[in-house]
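What follows is the residue order along each chain.
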Amino acid sequence: MTHRMSTPRRRHACGAGLALVAAVAALGLAGCAGSLREVAAGDTEWQQRSLAEARVVELVKQMGDPRPDDINGWARAAAETAAGSGSDVYPSGIELIGIEARQSEQLIEPFGALTFRVPAADDPAVVGDPDGDDPAAYCFTVAFDYYGKAGGETPSDGINSIDCPPGAVSVTPPPDTTIRSVVSANTREAVTAVLLERLATGAPTTAAEVEAAISARLEQPAGQYEVAAEPHALVEGEGQSDGPGAEARVGVAVGTGDDCVLVKSENGAVADVYAPRVLLQAGELGCRPETALASDEELRPPH
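Just so it is clear, the model here is predicted, and its values are computed rather than measured.

Enquirer: Give a description of the overall build of the protein that names residues and reports values.
Expert: When its secondary structure is counted, the protein shows seven helices and 12 strands. Here the protein holds 303 residues, and the buried ones make up 42% of them.

Enquirer: Run through unusual backbone geometry, naming residues and quoting values.
Expert: Apart from glycine, the bulk of residues carry a negative phi angle, and the bulk of peptide bonds sit in the trans form. Backbone torsion omega between alanine 203 and proline 204 reads 0°, so that peptide bond is classified as cis. Examined against the element boundaries, proline 204 turns out to sit in the loop between α5 (187–201) and α6 (207–217). Backbone geometry at arginine 67 places phi at a positive 50°, although glycine is not the residue there. With respect to the secondary-structure elements, arginine 67 resides in the loop between α3 (45–61) and α4 (71–84).

Enquirer: Before we move on, can you summarise the state of the cysteines with the specific residues and values?
Expert: The full count for this structure, using the stated rule, is two disulfides. Across the disulfide, cysteine 139 is cross-linked to cysteine 164 (sulfur-sulfur distance 2.1 Å). Of note, the bridge from cysteine 139 to cysteine 164 carries an S-S torsion of about 105° and is right-handed in sense. Pair noted here: cysteine 139 is in strand β4 (residues 137–145) and cysteine 164 is in the loop between β6 (159–162) and β7 (180–182), with a separation of 25 residues, a long-range link. For cysteine 139, a relative accessible area of 0% gives the class buried. Through a disulfide, cysteine 260 is tied to cysteine 287; the S-S separation comes to 2.1 Å. Linking cysteine 260 and cysteine 287, the disulfide has an S-S dihedral of approximately 90° and is accordingly described as right-handed.

Enquirer: I'd like a rundown of the packing of α5 against α6, residues and numbers included.
Expert: Between α5 and α6, whose axes approach to 9 Å, the crossing angle comes to 135°. By the angle class used here, α5 and α6 are oblique. Crossing geometry of α5 relative to α6 is assigned as right-handed. Residues Ala190, Val191, Ala193, Val194, Leu195, Glu197 and Arg198 of α5 lie in contact with α6, whose contacting residues are Val210, Ala213, Ile214 and Arg217. Looking at the contact of α5 with α6 residue by residue, the class counts come to eight nonpolar, no polar and three charged.

Enquirer: Give me the lowdown on the environment of glutamine 48, citing residues and values where you can.
Expert: With respect to the secondary-structure elements, glutamine 48 resides in helix α3. Overall, the relative accessible area of 7% leaves glutamine 48 in the buried class. Taking C-alpha positions, glutamine 48 is 8.5 Å from tyrosine 138, a pair spaced 90 residues apart along the chain.

Enquirer: Which residues make up a nonpolar patch on the surface, and what values do they have?
Expert: On the surface, a nonpolar cluster with roughly 320 Å² of combined accessible area is contributed by Leu107, Ile108 and Tyr147. Relative to the elements of secondary structure, isoleucine 108 occurs in the loop between β2 (95–101) and β3 (112–119).

Enquirer: Break down the pairing of strand β9 (residues 231–235) for me, with residues and values.
Expert: The alternating pattern of β9 places Pro231, Ala233 and Val235 on a buried face and His232 and Leu234 on a face that is not buried. Pairing of β9 with strand β10 (residues 250–256) involves five bridges; the strand directions are antiparallel. Paired with alanine 233 across the strands is valine 252, a residue of β10.

Enquirer: Describe α5, listing the residues and the values that go with them.
Expert: Since there are 3.6 residues in each turn of an α-helix, residues three or four apart along the chain are aligned in direction. If you check α5, its first and last C-alpha atoms are 21 Å apart, about what 15 residues at 1.5 Å a residue would give, namely 21 Å. Buried within α5 we find Thr187, Arg188, Ala190, Val191, Thr192, Val194, Leu195, Leu196, Arg198 and Leu199. Taken from the residues just after α5, glycine 202 is the one with a positive phi, measuring 85°.

Enquirer: Describe the environment of valine 183, and please don't skip the residues or the numbers.
Expert: Position of valine 183 relative to the elements: it lies in the loop between β7 and α5. The sequence separation of valine 183 and aspartate 259 amounts to 76 residues, and the corresponding C-alpha distance is 7.1 Å. Among all residues touching valine 183, those that are not within four sequence positions of it are Ala229, Val254, Gly255, Asp259 and Val261.

The rules behind each value
Residues numbered from 1 in each chain as written. Predicted model: local features only at pLDDT ≥ 70, side-chain atom pairs only at ≥ 80, totals over all residues. Heavy atoms only, no water. Helix = DSSP H or I, 4+ residues; strand = E, 2+ residues; numbered from the N terminus. Buried < 20%, exposed > 50% of the residue type's maximum accessible area, 1.4 Å probe, protein only. Disulfide = S-S within 2.5 Å. Axes fitted to C-alpha atoms, helices over the stretch in contact; angles between N-to-C directions. Parallel < 35°, antiparallel > 145°, perpendicular 65-115°, else oblique. Left-handed = near helix turned anticlockwise from the far one by under 90°. Contact = heavy atoms within 4.5 Å. Nonpolar A, V, L, I, M, F, W, Y, C, P; charged D, E, K, R; others polar. Patch = residues over 30% accessible without salt bridge, like charges linked within 9 Å, V, L, I, M, F, W, Y side chains within 5 Å. Areas by Shrake-Rupley, 256 points an atom, 1.4 Å probe, with all protein chains shown as cover. Salt bridge = Lys/Arg side-chain N within 4 Å of Asp/Glu carboxyl O. Pairing = 2+ DSSP bridges. Expected span 1.5 Å × (residues − 1).

Shown next as structure tokens:
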């Protein structure tokens, strides 16, 4: 839209990716055929534990890729994934019963571990005997680093079986209190209003003044830990002896490559600018005021 002045931002649990141990495969559970309950009937305790391990393997695979700063981020991903699960092959009932933080100095070093309790496959409603005498549930600990599960290349590596802690109960991960910048709902309107005002009056003049005027108009996001993304402006010719003047080209960008607002002012008009998402990523043009002033040729899709 152009404004002209008349005055001076889950993989399915079934299929070939389902990582089941060899004992389960030998029993005929392949892909999505059959149910854990049917396979478990008459199995030994070892086979029950193998089925439980396979469910933890699949849980970890479905947790996504949050790249958190600490183990609590992976704990939130685990709890959300477990709560949303529930199918014949991947039944619900997996509990998060432990969150352990560890010291690490590198991204590839584990910064914590999670402990899961899995009900036996023949009775997913049972969570086990608090005294540990009833093998109705199985427990596993999994270490995580910044990139995900630590401890090996295969899906089952790093899924370590342990004795279920007596009296363990489900734990709730702490909430994410990370402050995040988000693009305000009225960002494009705020930028447009400031740039139209500049065309009409010659002010705000400098890039810093344009940014301050836009910030003052932005609505605050509704999220408890969200703040309005800061605008970035470029005034061509700023600092030259003759001054930029009201007709100087101005580019404004707010946000990141995944959620970016671009607006420009040139030739007495204010216009929205849209660029292919791939060009807004880091390493490309990016969500920058220079991108708002880029030519149509520069903003063409790369393919």
